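# Observations on the three-dimensional arrangement
Chain by chain, the residues run as shown.
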Amino acid sequence: MVWKIAKKEFLLNLMTFKFAVGTIVCVVLTVVFMPVLVSDYQERLKQYNDAVAANEAELRKVKVYKNITPTIYRCPNVLSVFSEGLEKRLGYSAKIELDNVPELSAVSTGLNPYLSIYPILDVSLVFKIVMSVLALLVAYDIIAGERERGTLKLVLSGTVARYQVLAGKFLAGMVTLVIPLTMAFIVGMLIFEFFPLVDLAGSDWVRIGLMYLASLIFLSAMYNVGLLFSCLVKRSPISLVLGLFVWVVCVIVIPNGSGYLARKIQSLEPEEKLESELKLVAENRDRELKEINKKIPPGWSSSDAGGAFNRTYYLILDKRGLEYWKKSSVLKEPVRIKYADKFLEVKQKHLRNLFKQKYLANNFSRTSPISLFENIMSALAGTDLARAQYFMDRVRMHRRNVVEYVRSKTADFSSLSYFTRCKEGDWEEHNKTLEAAMGAANEAERKRVLDAFLKWRDKKIAETAALNLQDFPQFIYQPSLARSFSRAIPDLALLTFVSFLFFVLSFVAFMRYDVRSG
Amino acid sequence: MIKTIIIKELQNNLYSLRFHISFLLCIVIFAVGTIAFLKNQDAKMQEYSKYRAEFRNELKETAESNAGKLAVNRRAFIWRPRANAFISDCKENYFPNRFIYSAYNVYGFELGPGGTNPFLSTFQELNWSFIVSVVLSFTVLLFTFDTISGEKETGALALTLSNSIPRATVLLGKYISAIITTMVMAIFGIVLSILIVLFSHKVDFTSAVLMETLVFLLLIFLFLSCTAAIGTLSSVIAHKSNVGLLISLTFWLVFVVIIPNTAIFWANKIFSIEHADIISRKIYAAQEEHKKSAPPGSASSSDENPFMPEHKLRADLETKLNDAEISIKNAYYQDMFRQLERTRLVSLISPIALFDYMNEAVVGGGYARFKKVWSDLHGYQVQFLQFFKTIDAADPDSPHWYNPWYDYSTTKKPVDFEQVPLFEEKPLSFAARFSFLRNYLVVMILYIGVVFSLTLVLFLRYDVR
């Protein structure tokens, strides 16, 4: 019997004007925005690939260990098309350095700063705005409307139980809503296919599948809100008005209000405080380094050569220079590494403050199914804060590995290969050429000698082979589906509960519903 | 007759459920928004005055030690938190509010402190303007979507029109009563908000703010008239109230949600401008060009001897570099302004956007304020440089070779801090505000006229059976 009711109801729904408009709007919006969003992703992917290739090339050119300062880039997330989250607002890259531990940072997009006043755009915007209205519109007159027409009394005068009627209507509504949702997803997938460079991995498909499921649960929640009002009131316009008010509160008031309130309640420390704390740490470090410097016999370094990653290294050093740099590296680098962690501490303290505000806003906004849905979508797409933090954790682990690697390769920074490639004999050869240049009699002679010197230098640079970095630690960053899913579960559970709660409430209300019309 | 219709309609509206709900919602948001604003305004002002004090101290110290440094040091001007932000914040939190300048140039602007938490999604503040443009616009649509089609369904419309009332009167009566109903909510909310502000004693409610409030009320009236016209139009287009609701809801979605949400996207696609990276590369290239063609010795300097001849070369070079940077940057900024202005122009089809832009003029905030500060600061920079040149001219120990980066070859004598001109932001004058407002006002009135006449025409041909 439930199926019969559902089928009849579903066919009726299909004929309605609101269904036609809702479906068309959904599909049209997807068709308009999807290509732009995907091509934007493609552009970002290209930039990412170029940057990674340039970084690899630099890494192959490294000649001394202290110049190993590669940059790790965050691969753009293809699913940001569905839910942008924080994808474009956080930094894309992190430099691996001995004396600095990377942390999350905001990014200036290089675009017109005025435009930051406008909110972001992604496909889930279409779902959450248009589809949620559609769900309410399908549901609002499902009981009240039938009562007004007098058909409800007729139906219930038969042997059908009330719960069957309600279940049938719920099923019918959901099937109706599945159609535009599925169409939008299919159209979206098709558009993906038009971009040959954009590749969806297997796990991406699973994620999209889960997003589809989450959208269904979201729609059922919004539908049940409409259903509840339809069961609570006698006239369908009133049910609609109530539903729409709830919608405005959920879509506009709560998301805006929660950010606003969180910012007013949990105020941030001024940026200057962070700066002054960082400055203090830097001063302490410099003082300590200065102390160390006093203990080392001064050395003189002569010529620098340009190295990889825009860093320099010592092409040639005399005995004292070698001694100086050796001692200096052994003593100073551990201090720098120690202070890198102190900088991190300060930065993390500041970040925790920012996060606190964000979590507060999130918790406020959890009163709206729309925000729950947003959270789920960004967790599943992997554009949420937790994913960005995971990325940074991996970067920090990689940095640790790199530091360890350099340490082990250079015997705790004591090996010459940490800062130079020159050998003992080089210095004499260098001096000979230089003295000849100094003692030249005339301009032409000097020029000749100088040319010889430059030639010697270039030869020296060319002779210095790049380091063999075969066993250089790899950056490992494998976002796992399970982790994303487990992050989505609390919100997903809450949303399911909300949906179920509204259905149960509707059920209770419908049991006591007065079906007489007029 | 029209009075009777309005009174009857008003009674209907005021007793309706939608009025009760929206009234409650409106009042609650007004109260919550104002209280939250006040809670934060104090902290904001303290932070600002601290910054101002530091700024003055730095300036004083520099002035009393070396006037040359006073001229070349780059400073940031940060604008003050607006006391009337509870009317409309004009999204100033997301605006570049830190202006970098020295005596030689105004270098640019950035998103300043007190700015935003990057991890928090962009949100709008719960101020008057937000409540009116989102909540009340929705409410007025709820009062109008079934004015005609709903009455047709109940059969009351045929009855009304069987009397000797012209259709235009009926329509106008219903239209006006919907506006009045929502205005009642707005006025209650605003009065409540003002009371909260008055009793908190945290913000001065000056006569200027009172004036702004009055003009703002006028704007609300226009804005609600516009939205009501759209609602009535959808009611006249449809023959069933459900369809009328669907149409007005679509209008609302397009105007409130879709147009503002997609504006950034249109701006970047249609009116795209160059990326900031390209601009910095351009500046770098232009400066390198100048450096290459500079005569030898242009990079030398000496702290002891200001009259060292190379200082003149260096001053020339630095001036060229400075000019190159500024000319490229200014062109880029002009592009930015144009991009924003065009985006705004496109978004004018949404009355909500129109209302937002008019609010900027009323409270003297947002883009109108930004433009004013930007141009004033340029004027100030010229004045500041003139001041510095006068001091420099009086110093016999200075060769008067102006170098925008270093104080090598200009006066290094102290100067009386009291004489140094300070930049103060002047509020937008009423004339300036009005001229900013004027075009938007004309568009809004035209908008109302067109939509309402269309509604009237359709209603005259409406089948009331």
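Remember, it's a predicted structure, so these values are computed and weren't measured experimentally. (Residues numbered from 1 in each chain as written. Chains lettered and ligands numbered in written order. Predicted model: local features only at pLDDT ≥ 70, side-chain atom pairs only at ≥ 80, totals over all residues.)

## Re the overall build of chain A
Within chain A one finds 15 helices and four strands. For 518 residues, the compact-globule formula gives about 24 Å, and the C-alpha radius of gyration of chain A, at 33 Å, lies well above that figure. If one aligns the C-alpha atoms of chain A with their principal axes, the spans along those axes are about 120 × 45 × 40 Å. Of all 518 residues assigned to chain A, the portion counted as buried reaches 39%. Put simply, 84% of the contacts in chain A that link residues at least 6 apart link residues at least 24 apart. (Helix = DSSP H or I, 4+ residues; strand = E, 2+ residues; numbered from the N terminus. Rg over C-alpha atoms; globule rule 2.2 N^0.38 Å. Buried ≥ 20, exposed ≤ 12 C-beta atoms within 10 Å, placed from the backbone. Contact = placed C-beta atoms within 7 Å.)

## Let's talk about the overall build of chain B
When its secondary structure is counted, chain B shows 14 helices and three strands. In terms of overall size, chain B is more extended than a compact globule, its C-alpha atoms giving a radius of gyration of 29 Å where 465 residues would be expected to give roughly 23 Å. With respect to the principal axes defined by its C-alpha atoms, chain B has extents near 100 × 50 × 40 Å. In chain B, 82% of the contacts between residues at least 6 apart in sequence involve partners at least 24 apart.

## Section: the packing of helix α4 (residues 128–144) of chain B against helix α12 (residues 351–363) of chain B
Residue and element names in this part refer to chain B. Interhelical geometry of α4 versus α12 gives an angle of 160° and a closest axis separation of 10 Å. The angle between α4 and α12 places the two elements in the roughly antiparallel class. In this structure, α4 meets α12 at a crossing whose hand is right-handed. Contact residues: Ser129, Ser133 and Ser137 in α4; Ile352, Phe355, Asp356 and Asn359 in α12. (Axes fitted to C-alpha atoms, helices over the stretch in contact; angles between N-to-C directions. Parallel < 35°, antiparallel > 145°, perpendicular 65-115°, else oblique. Left-handed = near helix turned anticlockwise from the far one by under 90°.)

## Side note on the environment of B:Ser300
Residue and element names in this part refer to chain B. Inspection of the secondary structure assignment puts Ser300 in the loop between α10 (276–293) and α11 (310–346). Accessibility expressed as a C-beta count within 10 Å gives 13 for Ser300, which makes it partly exposed. With sequence-adjacent residues up to four places away left out, Ser300 is seen in contact with Glu310 and Arg314.

## Re the domain arrangement of chain A
Residues and elements named next belong to chain A. For chain A, the assigned domains read domain 1 (2–271 + 350–402 + 474–511) and domain 2 (272–349 + 411–463). The centre of domain 1, based on its C-alpha atoms, is set 52 Å off from the matching centre of domain 2. Counting from both sides, the interface comprises 21 residues of domain 1 and, opposite them, 26 residues of domain 2. Of all the elements in the fold, those that place two or more residues in the side of domain 1 that touches domain 2 are α2 (17–61) and α10 (319–365). The residue makeup of the side of domain 1 that touches domain 2, split by class, is eight nonpolar, four polar and nine charged. (Domains from an automatic or database assignment. Nonpolar A, V, L, I, M, F, W, Y, C, P; charged D, E, K, R; others polar.)

## Some details on the environment of A:Phe195
Residues and elements named next belong to chain A. Along the chain, Phe195 falls in the loop between α6 (162–193) and α7 (202–232). With 15 C-beta atoms packed within 10 Å, Phe195 lands in the partly exposed category. Distance from Phe195 to Pro35, taken between C-alpha atoms, is 8.7 Å for residues 160 residues apart in sequence. When sequence neighbours within four positions are dropped, the list of residues in contact with Phe195 reads Val38 and Gln42.

## Things to note about the nonpolar core
Proteins that are soluble and globular tend to have nonpolar side chains buried together. Judged by nonpolar contacts, the single largest core of 212 residues is most densely connected at A:Ala135, A:Leu136, A:Ile376 and B:Ile131. For this core, the domains that each give at least three residues are domain 1 (2–271 + 350–402 + 474–511) and domain 2 (272–349 + 411–463) of chain A. For A:Ala135, the contacting residues outside a window of four places in its chain are A:Leu177, A:Leu219, A:Met222, A:Tyr223 and A:Gly226. One finds B:Ala67, B:Val72, B:Phe388 and B:Ile391 within the second-largest nonpolar core, a separate group that totals ten residues. (Core = buried A, V, L, I, M, F, W, Y, C linked by C-beta atoms within 7 Å.)

## Remarks on α10(A)
In this model, α10(A) (47 residues) spans 66 Å end to end at C-alpha, consistent with the 69 Å of a helix rising 1.5 Å per residue. At A:Ser329, α10(A) shows its strongest bend, of approximately 30°. (Expected span 1.5 Å × (residues − 1). Bend = angle between axes of the 7 residues up to and from the residue.)

## With respect to the packing of helix α3 (residues 123–139) of chain A against helix α11 (residues 369–381) of chain A
Residues and elements named next belong to chain A. At their nearest, the axes of α3 and α11 sit 11 Å apart, and the two run at 155° to each other. Accordingly, the angle class assigned to the pair α3 and α11 is roughly antiparallel. In this structure, the crossing between α3 and α11 has a hand that is right-handed. Contact with α3, carried on its side by Ser124, Lys128 and Ser132, involves Ile370, Phe373, Glu374 and Met377 of α11 and no other residues of that element. Taken together, the residues of the contact of α3 with α11 break down into three nonpolar, two polar and two charged.

## With respect to the sheet that holds strand β1 (residues 75–78) of chain B
Residues and elements named next belong to chain B. Judged by pairing direction, the sheet is antiparallel, and its three strands sit side by side in the order β1-β2-β3 without closing on themselves. Here the strands that pair on one side only, and so sit at the sheet edges, are β1 and β3 (106–110). Taking each pair of neighbouring strands and ignoring which way they run, the sheet shows an average axis angle of 25°. Pairing analysis gives four bridges linking β1 to strand β2 (residues 98–101), with the strands arranged antiparallel. Residue pairing for β2: Ala76 is matched across the bridge by Ile100. (Pairing = 2+ DSSP bridges.)

## Describing the confidence of the model for chain A
Of the residues in chain A, 95% reach a pLDDT of 70 or more, and the chain-wide mean stands at 86. Within chain A, helix α15 (residues 481–511) of chain A carries the highest mean pLDDT (94), whereas strand β3 (residues 301–306) of chain A carries the lowest (68). (pLDDT = per-residue confidence, 0-100.)

## Regarding helix α1 (residues 2–14) of chain A
Between its terminal C-alpha atoms α1(A) stretches 18 Å, which fits the 18 Å expected from 13 residues at 1.5 Å a residue. Its buried side turned inward, α1(A) meets α6 of chain A.

## Some thoughts on unusual backbone geometry
At A:Phe309, a residue that is not glycine, the phi angle is positive and equals roughly 50°. Residue position: A:Phe309 is located in the loop between β3 and β4 (312–317).

## Some points on the environment of B:Ser137
Residue and element names in this part refer to chain B. By secondary structure assignment, the location of Ser137 is in helix α4. With 25 C-beta atoms packed within 10 Å, Ser137 lands in the buried category. Along the backbone, Ser137 and Tyr367 are 230 residues apart, and their C-alpha atoms lie at a distance of 23 Å. Those residues within four positions of Ser137 in sequence are excluded, and the remaining contacts are Thr227, Trp252, Val256 and Ile352.

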